[in-house]
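# Remarks on the overall topology
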Amino acid sequence: MAKKGERYLEIDPYFLVEKGFRKDKNMVSESLFSLGNEYSGVRGFFEEGVSLPSLIGTYYNGIYEYALEDTPSAYKGIVKRTHFTINSTNYLKCHIEVDGTKLDLAEAEVSDYLRVLDMRTGVLRRRFVWHLNGKDVAMEFVRLLSMDRPHIAYQSIALKSEKPIHVSLALSLDGTILHWGKHNYWEAGRVEKDVVYLKTPTTHQSLLTAQKVLSPVPPKATEIKEKEVISVYEMNLEAGKEAKWERFVSNIAAKKAEAYETSLSKAEKDLKEATALGFVGLEEENRRFFGDNYAKSDIVIDGDASDQQGIRFCIFQMLSAYHGLESDNNIGAKGLTGEAYSGHAFWDSETYCLPYYLFNDQQSAKNLLLFRFATLEEAKQRAKDLDCEGACFPIATRNGKEACTLWQHASTQLQPTSAVAYAIFHYMNLYHDDAFMKECGAEMLGEIAKFLYSRGQWNASQTHFGYYGVMGPDEFQLMVAHNTYTNFMGKKSMEYALKILRDPRYASPELLKKLGLDEGKMKEMEEACEAMLILYDPKTKLFEQHQGYFDLPHIDVDKIPMEEFPLYSHWTYDRIYRNDMIKQPDVLMFMFLYNQDFDEETLKANYEFYEPRCIHESSLSPSIHSILAAQIGKEKEASDFFGFATRLDLDDYNRNTCEGLHMTSIAAAWMNIVYGFLGLRSDREVLKIAPTLPERWTHYGVKLTYHGHPVRFDVYSDRVEIETSGAPLELLYRGKTIVIEGKGTLMR
């Protein structure tokens, strides 16, 4: 693995701490100090602004717009107009002057700079001493997004000086922010004192932002613009006294536009309740929220503070990005922390993010599947666009429609569709939710099977079935035949769909009629599954990634200079495709998903062949390698990859954290411990564990929820302690089935 991190934050189990302002890391810090509550997210930008590269960003789950123009294309099936989550009103904006000098940390002389994110409460604090004209001004900024009251945000700004100073402060609600610094996608609705109301032109959504300011002095003036309202405060601050402004904000984001009066009424109610609670009350509510969630999903690591911080940061960000607040929300690849990937959800939601929720919150997990069911009609239309039947789920989406305008991804990558089938299978394995399967799952599986069958083809001699002109998870190989991941997952998805569709508990005659499926059609699908070409050599035990992969020119990925990352920015597009370098796990990915289908010897052979060829240009990558390395006894590699996965953003391994956090890597880090070091497998009816302990750890504890009951695993060098409540816990351990009731100890 050629990549190395650049660590600059302090190590602490519950805090992110930046001591001293790093100008060169400004945008990286903006991402790392982001806050979110699923409903909305805000980057950690300086509210007063700074004359450095910066991305001022506030985003709302489900608030999006379409591009201004089509992407030119005369070809059928290519998406012409994309959509994306849009940057929204900056409700933290302020302008600060002391004795006529504007605060700008790029230019100001400061000392004792400290920025701290408390992962127990979601409170972000920043403080420093500003030196100007012989005066030392102590400043503190605090912000919070409420987890229980998702509309509510809080901000405070405090100043104190040992000498008299004149303070000028302007607080803004600014709806003029440019998306990607290029265009503002909002139309002006109505602006009044302390209120900005905006609407989207094509998606017909609305955002009302209202504030209540608690100030030591009344506003000197209020300026109302087309999309911005500014309140100006001025005061002479006495020596040794503190001046503090508190701003409570309510953001009413309506996925179907609400009238101004309706949104304002909601905001006024929110603000009345929030101001009555005050900051202390809001902070305490957040403390309870995170405390309750850590109580059922925390991971404790003894022996390495860096790893402990890394995994807790990941859990904190998972809870911030998504916790099942609304069933029409999903998890964007960047969460709500930046504009890269346009706020789109990818197949990562089902393969990487879902497991965390499966083992912590059934309703949140179910809601992720319900998002796909709610957008089934869009997936069916996409299949038609591609001259296929059934439902083709998009490679990138916010509203269920395909948003990716790059045909090589949107038209050739089938993994989002097979990932939905796998997610249904995985969910049912753990929860046996017959009502969900009958009402939603069976129909989705039927449409998925129709698509996968219609997209596949028989070869010229009719001896085998498979997929031509596809791109697998490894996006460095384009338009290949028989990508083994695609063929394998297509086979598994259709087989599972056929099993469900032949089960009268789930598939009624009415559903089969709606799907247009009869036994004859299902028999054709069954024959295709039996004839699916899986490129496997029983002598070497290797799966060939796709037809012809073994003949590609070889490249030593460890010799690529760090300065050439990310590769998409430094290599021509066609150069990337002309060798056997792998972007992310492909063969290893399906061997992880259906892990118990493969013996350890086969896993080891494929890991040792493909790992040296992987450049990890995707956050999907390091965790899967770590998980499999732990399984086959490569403990050092497992440990190294784990550090990469948990700290991919914290230490900026890919040199692109500035664009936003990698939610997939964050979710995968949790998997890395649970599926990697604990060795948990959930691809069959009975859970399997195979615990290992990294050399640098003395102990780790994992909390899960299984079948609605809390379970705790504590792994030591010589034993595994298990505690469960409710029903007895059945586990497969070292090839034997064991049952734990209450507490039990397994010797390692």
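Structure shown above.
Here we summarise the structure given alongside this text. (Residues numbered from 1 in each chain as written. Predicted model: local features only at pLDDT ≥ 70, side-chain atom pairs only at ≥ 80, totals over all residues. Heavy atoms only, no water.)

## Side note on the overall build of the chain
- Tallying secondary structure elements over the chain gives 19 helices and 31 strands in all.
- By the compact-globule yardstick of 27 Å for 748 residues, the chain fits well, its C-alpha radius of gyration being 27 Å.
- With respect to the principal axes defined by its C-alpha atoms, the chain has extents near 85 × 60 × 55 Å.
- Counting over 748 residues, the chain shows a buried share of 63%.
- In the chain, the share of contacts with a sequence separation of at least 24, taken over all contacts with a separation of at least 6, comes to 68%.
- As displayed, the chain has an accessible area near 27,300 Å², and 50% of this comes from carbon and sulfur atoms.
- Charged side chains of the chain number 86 positive and 108 negative; the gap between the two group centres comes to 1 Å. (Helix = DSSP H or I, 4+ residues; strand = E, 2+ residues; numbered from the N terminus. Rg over C-alpha atoms; globule rule 2.2 N^0.38 Å. Buried < 20%, exposed > 50% of the residue type's maximum accessible area, 1.4 Å probe, protein only. Contact = heavy atoms within 4.5 Å. Areas by Shrake-Rupley, 256 points an atom, 1.4 Å probe, with all protein chains shown as cover. Lys, Arg positive; Asp, Glu negative; His and termini not counted. Charge placed at Lys NZ, Arg CZ, Asp CG, Glu CD.)

## Notes on the environment of Asn 483
- Among the structural elements, Asn 483 can be located in the loop between strand 22 (465-466) and helix 10 (484-501).
- Spatially, the C-alpha atom of Asn 483 lies 4.1 Å from that of His 546, the residues being 63 residues apart in sequence.
- If we skip the residues at most four places from it in the chain, Asn 483 touches Val 470, Gly 472, Pro 473, Gln 545, His 546 and Asp 586.

## Structural notes on the side chain of Lys 25
- For Lys 25, the position within the fold is in the loop between strand 1 (15-19) and helix 1 (26-32).
- Setting aside residues no more than four positions away along its own chain, Lys 25 makes contact with Glu 6, Tyr 8 and Asp 652.

## Digging into the nonpolar core
- Counting residues in each nonpolar core, the largest one holds 186 residues, and the members touching the most others are Leu 32, Phe 359, Trp 670, Ile 673, Tyr 700 and Ile 722.
- With 30 residues, the next largest nonpolar core counts Phe 21, Leu 103, Tyr 113 and Met 139 among its residues. (Core = buried A, V, L, I, M, F, W, Y, C linked by side-chain atoms within 4.5 Å.)

## Focus: the packing of aromatic side chains
- A complete count under the given rule lists 52 aromatic pairs for this structure.
- For the pair Phe 488 and Phe 598, a centre-to-centre distance of 5.8 Å together with 40° between the ring planes defines the contact as tilted. Of this pair, Phe 488 sits in helix 10 while Phe 598 sits in the loop between helix 15 (587-593) and helix 16 (600-610), and the two are 110 residues apart along the sequence. Each member of the pair, Phe 488 together with Phe 598, is buried. (Phe/Tyr/Trp six-rings, centres within 6.5 Å; stacked < 30°, edge-to-face > 60°.)

## A look at the sheet that holds strand 4 (residues 58-60)
- Judged by pairing direction, the sheet is antiparallel, and its three strands sit side by side in the order 2-3-4 without closing on themselves. This sheet does not close on itself; its edge strands, each paired only once, are strand 2 (35-36) and strand 4.
- In this structure, strand 2 lies alongside strand 3 (residues 40-42), joined through two bridges in antiparallel fashion. Among the inter-strand pairings, Leu 35 is bridged to a residue of strand 3, identified as Val 42. (Pairing = 2+ DSSP bridges.)

## Some thoughts on the pattern of salt bridges
- Scanning the model with the defined rule gives 56 salt bridges in all.
- Here Lys 25 and Glu 6 are joined by a salt bridge, their closest N and O atoms 2.8 Å apart. Here Glu 6 lies in the segment before strand 1 and Lys 25 lies in the loop between strand 1 and helix 1, a separation of 19 residues in the sequence.
- We classify Glu 6 as partly exposed; its relative accessible area is 35%.
- Residue Glu 443 is joined to Lys 514 by a salt bridge in which the shortest nitrogen-to-oxygen separation is 3.0 Å. (Salt bridge = Lys/Arg side-chain N within 4 Å of Asp/Glu carboxyl O.)

## Brief notes about the sheet that holds strand 14 (residues 187-192)
- Pairing within the open sheet is antiparallel, and its nine strands lie in the order 1-9-10-11-12-19-16-15-14. Single-partner strands in this sheet number two, and they are strand 1 and strand 14. The mean angle between the axes of side-by-side strands here comes to 15°, regardless of whether they run parallel or antiparallel.
- Here strand 16 (residues 206-214) pairs with strand 19 (residues 242-254) via nine bridges, running antiparallel. Across the sheet, Thr 209 pairs through a bridge with Asn 251, a residue of strand 19.
- The sheet contacts of helix 2 (residues 260-297) involve strand 10 (123-132), strand 11 (135-145), strand 12 (152-161), strand 14, strand 15 (195-199), strand 16 and strand 19, and relative to strand 19 the element is tilted by about 135°. (Axes fitted to C-alpha atoms, helices over the stretch in contact; angles between N-to-C directions.)

## Examining the pairing of strand 12
- Of all 10 residues in strand 12, nine are buried, a share of seventy percent or more.
- Where strand 11 meets strand 12, nine bridges bridge the pair, whose relative direction is antiparallel. In the sheet register, Glu 140 faces strand 12, and the bridge partner there is Ala 158.
- Bridge count between strand 12 and strand 19: nine bridges; the pairing is antiparallel. Looking at strand 19, one finds that Ser 156 is bridged to Glu 246.

## What about the environment of Phe 128?
- Positionally, Phe 128 belongs in strand 10.
- Taking the C-alpha atoms as reference points, Phe 128 and Leu 114, 14 residues apart in sequence, are found 6.3 Å from one another.
- When near neighbours in sequence (up to four residues on either side) are disregarded, Phe 128 contacts Leu 103, Leu 105, Val 110, Ser 111, Asp 112, Tyr 113, Val 137, Ala 138, Met 139 and Phe 141.

## A short note on the pairing of strand 27 (residues 709-715)
- Here seven bridges tie strand 26 (residues 699-706) to strand 27, and the two strands are oriented antiparallel to one another. Paired with Lys 703 across the strands is Arg 712, a residue of strand 27.
- The turn joining strand 26 and strand 27, which pair antiparallel and follow one another in sequence, is formed by two residues; a positive phi near 55° is taken by His 707.

## Details of helix 12 (residues 519-530)
- Given a rise of 1.5 Å per residue, 12 residues ought to cover 16 Å, and the 16 Å separating the end C-alpha atoms of helix 12 matches this to within 8%.
- Listing the buried residues of helix 12 in full gives Met 522, Met 525, Ala 528 and Cys 529. Across the axial projection of helix 12, the buried residues extend over an arc of 110°, all falling on one side.
- Elements that come into contact with the buried residues of helix 12 comprise helix 9 (434-455), strand 21 (457-458), strand 22 and helix 10.
- You can read the cap of helix 12 off the contacts: a side-chain oxygen lies 3.2 Å from the backbone nitrogen of Gly 520, and it is on Asp 518. (Expected span 1.5 Å × (residues − 1). Arc of directions from axis to C-beta. Polar contact = N/O pair within 3.5 Å; in protein donor to acceptor, adjacent residues only side chain to side chain.)

## Points about the packing of helix 2 against helix 3 (residues 305-321)
- One way to put it is that helix 2 packs onto helix 3 with a least axis distance of 11 Å and a crossing angle of 120°. Looking at the two axes, helix 2 sits oblique to helix 3. By crossing handedness, the relation of helix 2 to helix 3 is classed as right-handed. Contacts between helix 2 and helix 3 involve Phe 289, Phe 290, Asn 293, Tyr 294 and Ser 297 on the former and, on the latter, Arg 312, Ile 315, Phe 316, Leu 319 and Ser 320. (Parallel < 35°, antiparallel > 145°, perpendicular 65-115°, else oblique. Left-handed = near helix turned anticlockwise from the far one by under 90°.)

## A look at a negative patch on the surface
- A surface patch of like charges, here negative, comprises Asp 518, Glu 524, Glu 527 and Glu 530.
- Along the chain, Glu 527 turns up in helix 12.
- For Glu 527, a relative accessible area of 38% translates into the label partly exposed. (Patch = residues over 30% accessible without salt bridge, like charges linked within 9 Å, V, L, I, M, F, W, Y side chains within 5 Å.)

## So, unusual backbone geometry
- With omega at -5°, the peptide bond leading from Phe 565 into Pro 566 counts as cis.
- For Pro 566, the position within the fold is in the loop between strand 24 (542-543) and helix 13 (567-570).
- The backbone of Asn 133 shows a phi angle near 55°, a positive value even though the residue is not glycine.
- Looking at the secondary structure, you find Asn 133 in the loop between strand 10 and strand 11.
- Although it is not a glycine, His 616 sits at a positive phi angle of roughly 55°.
- Structurally, His 616 can be placed in the loop between helix 16 and helix 17 (621-631).

## Considerations on the packing of helix 5 (residues 362-374) against helix 9
- Look at helix 5 against helix 9: their axes get within 10 Å of each other, and the N-to-C directions meet at 50°. The angle between helix 5 and helix 9 falls in the class oblique. Judged by the sense of rotation from one axis to the other, the crossing of helix 5 with helix 9 is left-handed. Taken together, the residues of helix 9 that come into contact with helix 5 (itself represented by Lys 366, Leu 369, Leu 370, Arg 372 and Phe 373) are Phe 436, Glu 439, Cys 440, Glu 443 and Met 444.
- A per-class count over the contact of helix 5 with helix 9 returns six nonpolar, no polar and four charged. (Nonpolar A, V, L, I, M, F, W, Y, C, P; charged D, E, K, R; others polar.)

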